[in-house]
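# Residue-level structural notes
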Protein chains: 2
Amino acid sequence: MRIGIVGYGNLGRGVESAIRQNKDMKLVAVFTRRDPASVKIKTADVPVLPLEEAFKMEDQIDVMILCGGSAKDLPEQTPAFAKHFNVIDSFDTHARIPEHFANVDAAARESGKVAVISVGWDPGLFSLNRMYAGTILPDGKDYTFWGKGVSQGHSDAIRRIEGVLDARQYTIPVPEALSAVRAGENPELSTRQKHTRECFVVAAEGADEARIEREIVTMPNYFADYDTTVHFISMEELKRDHGGIPHGGVVIRSGKTGWEGEHSHIIEYSLKLDSNPEFTSSVLVAYARAAVRLNAEGGFGCKTVLDIPPAYLSAMSGEELRKTLL
Amino acid sequence: MRIGIVGYGNLGRGVESAIRQNKDMKLVAVFTRRDPASVKIKTADVPVLPLEEAFKMEDQIDVMILCGGSAKDLPEQTPAFAKHFNVIDSFDTHARIPEHFANVDAAARESGKVAVISVGWDPGLFSLNRMYAGTILPDGKDYTFWGKGVSQGHSDAIRRIEGVLDARQYTIPVPEALSAVRAGENPELSTRQKHTRECFVVAAEGADEARIEREIVTMPNYFADYDTTVHFISMEELKRDHGGIPHGGVVIRSGKTGWEGEHSHIIEYSLKLDSNPEFTSSVLVAYARAAVRLNAEGGFGCKTVLDIPPAYLSAMSGEELRKTLL
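Attention in this report is confined to the structure presented alongside it.

On to unusual backbone geometry, then. Across the junction of D122 of chain A and P123 of chain A, the peptide omega takes the value 5 degrees, indicating a cis bond. Position of P123 of chain A relative to the elements: it lies in the loop between β6 (114-116) and α4 (125-136). A cis amide bond links G147 of chain A to the next residue, K148 of chain A, at an omega of 0 degrees. Look at S118 of chain B: it is not a glycine, yet its phi comes out positive at around 60 degrees. The residue S118 of chain B is located in the loop between β6 (114-116) and α4 (125-136) in this model. The backbone of N221 of chain B sits at a positive phi, close to 65 degrees, despite the residue not being glycine. The class for N221 of chain B is exposed, based on a relative accessible area of 68%.

Note: interface size is frequently given as the accessible area lost on complex formation between the parts. The partner chain A presents 68 residues to the 68 residues of chain B that form the contact. Across the chain B/chain A interface, buried area totals approximately 6,100 Å², and carbon plus sulfur atoms make up 62% of it. The largest contributions to the chain B side of the interface with chain A come from W259, R322 and L326 of chain B, which together make up 15% of the buried area. One can count zero salt bridges joining chain B with chain A. Counting every contact that joins chain B to chain A gives 28 residue pairs in polar contact (both at pLDDT 80 or more). Broken down by secondary-structure element, the contributors of at least two residues to the side of chain B that touches chain A are α1 (10-20), α3 (97-111), α4, β12 (247-257), β13 (263-273), α10 (276-296) and α11 (318-324) of chain B. By residue number, the principal contributor to the side of chain B that touches chain A is β13 of chain B, which donates 11 residues. Residue classes in the side of chain B that touches chain A are distributed as 31 nonpolar, 20 polar and 17 charged. Where strand β13 (residues 263-273) of chain A and β13 of chain B come together, nine bridges link them in antiparallel fashion.

Now for the pairing of strand β10 (residues 195-203) of chain A. Residues and elements named next belong to chain A. By the criterion of burial, β10 is predominantly enclosed, with eight of the nine residues buried. When strand β9 (residues 164-173) meets β10, the two strands line up antiparallel, connected through nine bridges. Residue R168 lies in a different strand from β10, and its bridge partner there is F200. Alignment of β10 against strand β11 (residues 227-232), held across six bridges, turns out to be parallel. Opposite F200, over in β11, you have H231 as the bridge partner.

Our focus in this paragraph is the environment of L189 of chain A. Residue and element names in this part refer to chain A. Relative to the assigned elements, L189 resides in the loop between α6 (175-182) and α7 (191-194). Between the alpha carbons of L189 and A177 there is a distance of 7.6 Å; along the sequence they are 12 residues apart. Not counting residues up to four positions away in its chain, the partners in contact with L189 are Y143, F145, A177, V181 and K194.

Residues and elements named next belong to chain A. Read across the open sheet, the four strands follow the order β8-β9-β10-β11; overall the sheet is mixed. A strand with exactly one partner marks an edge of an open sheet, and here the two such strands are β8 (149-150) and β11. Sheet strands in contact with helix α5 (residues 152-159) are β8, β9 and β10, and its direction is about 145 degrees off that of β9.

This brings us to the packing of α4 of chain A against α4 of chain B. Two elements in contact, α4 of chain A and α4 of chain B, have axes whose closest approach is 13 Å; the angle formed by their N-to-C orientations is 175 degrees. With respect to their mutual orientation, α4 of chain A and α4 of chain B come out roughly antiparallel. Residues L125, L128, N129, Y132 and I136 of chain A of α4 of chain A form the contact with α4 of chain B, whose participating residues are L125, L128, N129, Y132 and I136 of chain B. Looking at the contact of α4 of chain A with α4 of chain B, its residues break down into eight nonpolar, two polar and no charged.

Before going further, it helps to examine the relation of the copies chain B and chain A. You can overlay chain B on chain A at an RMSD of 0.0 Å; the transform is a turn of 180 degrees with a shift of 0.0 Å along its axis. Both chain copies can therefore be described as sitting about a two-fold axis. Same-surface contact between copies: 100% of interface residues of chain B are shared with the interface of chain A.

Our next topic: the side chain of S90 of chain A. The topology assignment puts S90 of chain A in the loop between β5 (86-88) and α3 (97-111). The contacts of S90 of chain A, once residues within four sequence positions are left out, are L11, L66, S70, L74, S118, V119, T280 and L284 of chain A.

A separate point is the sheet that holds strand β10 (residues 195-203) of chain B. Strand order in the open sheet formed by four strands is β8-β9-β10-β11 (chain B), with mixed pairing between adjacent strands. The sheet terminates laterally at β8 (149-150) and β11 (227-232) of chain B, the two strands that pair on one side only.

Once that is clear, we can look at α5 of chain A. Residues and elements named next belong to chain A. For α5, every residue scored as buried is listed here: H154, S155, A157 and I158. In an axial view of α5, the angular spread of the buried residues amounts to 160 degrees, which keeps them on one side of the axis. Those residues of α5 hidden inside the fold are in contact with β8, β9, β10 and α8 (209-217).

Okay, the packing of aromatic side chains next. For the structure on display, the rule yields 12 aromatic pairs over all chains. Look at F126 of chain B and Y269 of chain B: their rings are 6.1 Å apart centre to centre, the planes differ by 80 degrees, and that puts the pair in the edge-to-face class. Highlighted residues: F126 of chain B in helix α4 and Y269 of chain B in strand β13, separated in sequence by 143 residues. F126 of chain B gets classed as buried once you look at its relative accessible area, which sits at 0%. Clustering of aromatic rings is evident, with ring pairs tying together F55, F81 and F85 of chain A. The ring of F101 of chain B has R322 of chain A lying over it, and the distance from NZ or CZ to the ring centre is 3.5 Å.

With that out of the way, let us pick up the pattern of salt bridges. What the rule picks out here adds up to 32 salt bridges over all chains. Where R109 of chain A meets D105 of chain A, a salt bridge forms, and the shortest distance between an N and an O atom there is 2.9 Å. Residue R109 of chain A and its partner D105 of chain A are both found in helix α3; the two are separated by four residues, about one turn of the helix. R109 of chain A sits in the partly exposed class, given a relative accessible area of 49%. Judged by relative accessible area, D105 of chain A falls into the buried class, the value being 14%. A salt bridge links D166 of chain B to R159 of chain B; the shortest N-O distance between them is 2.7 Å. Here the salt bridges do not stand alone but share partners, grouping D156, R159, D166 and R168 of chain A into one network.

Bringing the pairing of strand β4 (residues 63-66) of chain A into the picture now. Residue and element names in this part refer to chain A. Neither face of β4 is left uncovered, since the one carrying V63 and I65 and the one carrying M64 and L66 both have all their residues buried. Pairing between strand β1 (residues 2-6) and β4: four bridges, direction parallel. Residue pairing for β4: I5 is matched across the bridge by I65. Pairing between β4 and β5: three bridges, direction parallel. Looking at β5, one finds that V63 is bridged to N86. Of the crossover connections in this fold, the one passing from β4 over helix α2 (residues 73-82) to the parallel β5 is right-handed.

What counts, and where the lines are drawn
Residues numbered from 1 in each chain as written. Chains lettered and ligands numbered in written order. Predicted model: local features only at pLDDT ≥ 70, side-chain atom pairs only at ≥ 80, totals over all residues. Heavy atoms only, no water. Helix = DSSP H or I, 4+ residues; strand = E, 2+ residues; numbered from the N terminus. Buried < 20%, exposed > 50% of the residue type's maximum accessible area, 1.4 Å probe, protein only. Contact = heavy atoms within 4.5 Å. Buried area = accessible area lost by both parts, 1.4 Å probe. Salt bridge = Lys/Arg side-chain N within 4 Å of Asp/Glu carboxyl O. Polar contact = N/O pair within 3.5 Å; in protein donor to acceptor, adjacent residues only side chain to side chain. Nonpolar A, V, L, I, M, F, W, Y, C, P; charged D, E, K, R; others polar. Pairing = 2+ DSSP bridges. Axes fitted to C-alpha atoms, helices over the stretch in contact; angles between N-to-C directions. Parallel < 35°, antiparallel > 145°, perpendicular 65-115°, else oblique. Least-squares fit on C-alpha atoms with pLDDT ≥ 70 in both. Arc of directions from axis to C-beta. Phe/Tyr/Trp six-rings, centres within 6.5 Å; stacked < 30°, edge-to-face > 60°. Lys NZ or Arg CZ within 6 Å of the ring centre and 35° of its normal. Right-handed = clockwise from strand over helix to strand, strands pointing away.

Here's what the structure looks like:
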């Protein structure tokens, strides 16, 4: 399986490493909008090429993994690449998925390729688990908790405040809320009752820390609805203690069965991730395999994780899977 | 969706209740090998019929849910019914799945129907999770723990000992093993280190309890490889405190990503079930929907949970799913 990577940030680097773990896969090229000479990749003897070169390589690449951002890159790149390649993206702006799906579907139907969008863990594996659990226990309630982990969006929002040099924001589930859900109590939880936010901020010398803290905790959408703690630390401490990009979370379905709903059940799916981008990359790579297989069987159009038969992700045959793993 | 139930034990009763929770489903009939007059079901105005009657009702039933046992019923019933109906079974003898698959596949290919075998939670949801997690983290290790829950097979084994009137056996994961796995320590665990077994036994008056206990804890395959505790209790206590059929378990994948495997990840899927048969029934019913849909699109042959696109389980359309749940 011959793979191209579009974009070489955290996600692109993660995909490069993930390809190395799968013996049936080969990285053909990394495509970038930057000056290719300025991009050093880890795989020996694989070229870094300008983005436009990709479209001359249709017969050399089985699937393109698009590693750009959801805000600006993917809404343009995914349909453009789906006109020529099987593609995978990690589009994660939940509210805009239907629109993105329609655009990508039109492109992939025209080319006869398979495009799998919104691959990763949320959207992605968490969506899958919400769907399986909700279908199996229709009389029930869903809970999704995120963290403990770094939210890039919230960290960025803090960095835009005047006097802030750098910042890292952790989203943390409230332990009491988690316990109540796991105990099958089906609590009604407000935003504030589900998660807290903890911020580590490096302020410029002489900046007014009280004002910065006030601006953070009252920021609408991002922090105002949460209990937020702010710690001011040095740049050195930030780099030393908060350099990683861990994340994770939990999807829990609590539901009832029986003629009168007399029995309770808890289905829980949880992730504890040392590196959010590398884990997401590993999911992308598994779905890249599925896209190539589906297309080889004549499949085409836009798909999500909900549409892909699980066995298509695996390098094992159906027979092996049934024998060893079912 | 018109459903028939074959067999009215714990599983059949669970399916009956689960159908009631799904508005797009209707129970048409329950089929039994017993005298139909002796079987009282809960759904009003639905007939209980002799097994043979089923084969006259091909045009009245969209899918048959087979609720017999894996040892004797399903190896015969699933292929026989797949010649006439879309079918779902919960065949759970792991070692014989390839053989069962081949028999059912031949029947379902002949009839052009869809047969989904080995549906439930293990095999079933646990298999799915082993597959997704193993594919996403190829450099890793799988752990499956069962319990705390009642093992019917082990309870039956105790009941066969001379002087035992009744018994209930609980399989319990060893907490230290679970903690080590969750901490990403990737321990090598022997059978004894993973689970303990706890038995509640009602002995006949005057029976030799020391001998019964010895026969239990030394029983090959069932108990000899485990640390087993035996409690003798009265029939009254057994009925009062051990009447339920709870179960559950955990599938954990611990794996590494990064160029040099420098980041660790834990994927965990867990079930806590008040009623093992009712939960299994709820899974069967969700896959019944998928079987009917797949067949309506021209699909046929034997399938497992690994082959079924997740969205086929849900009563929601692809559009709704993408909008509300992805």
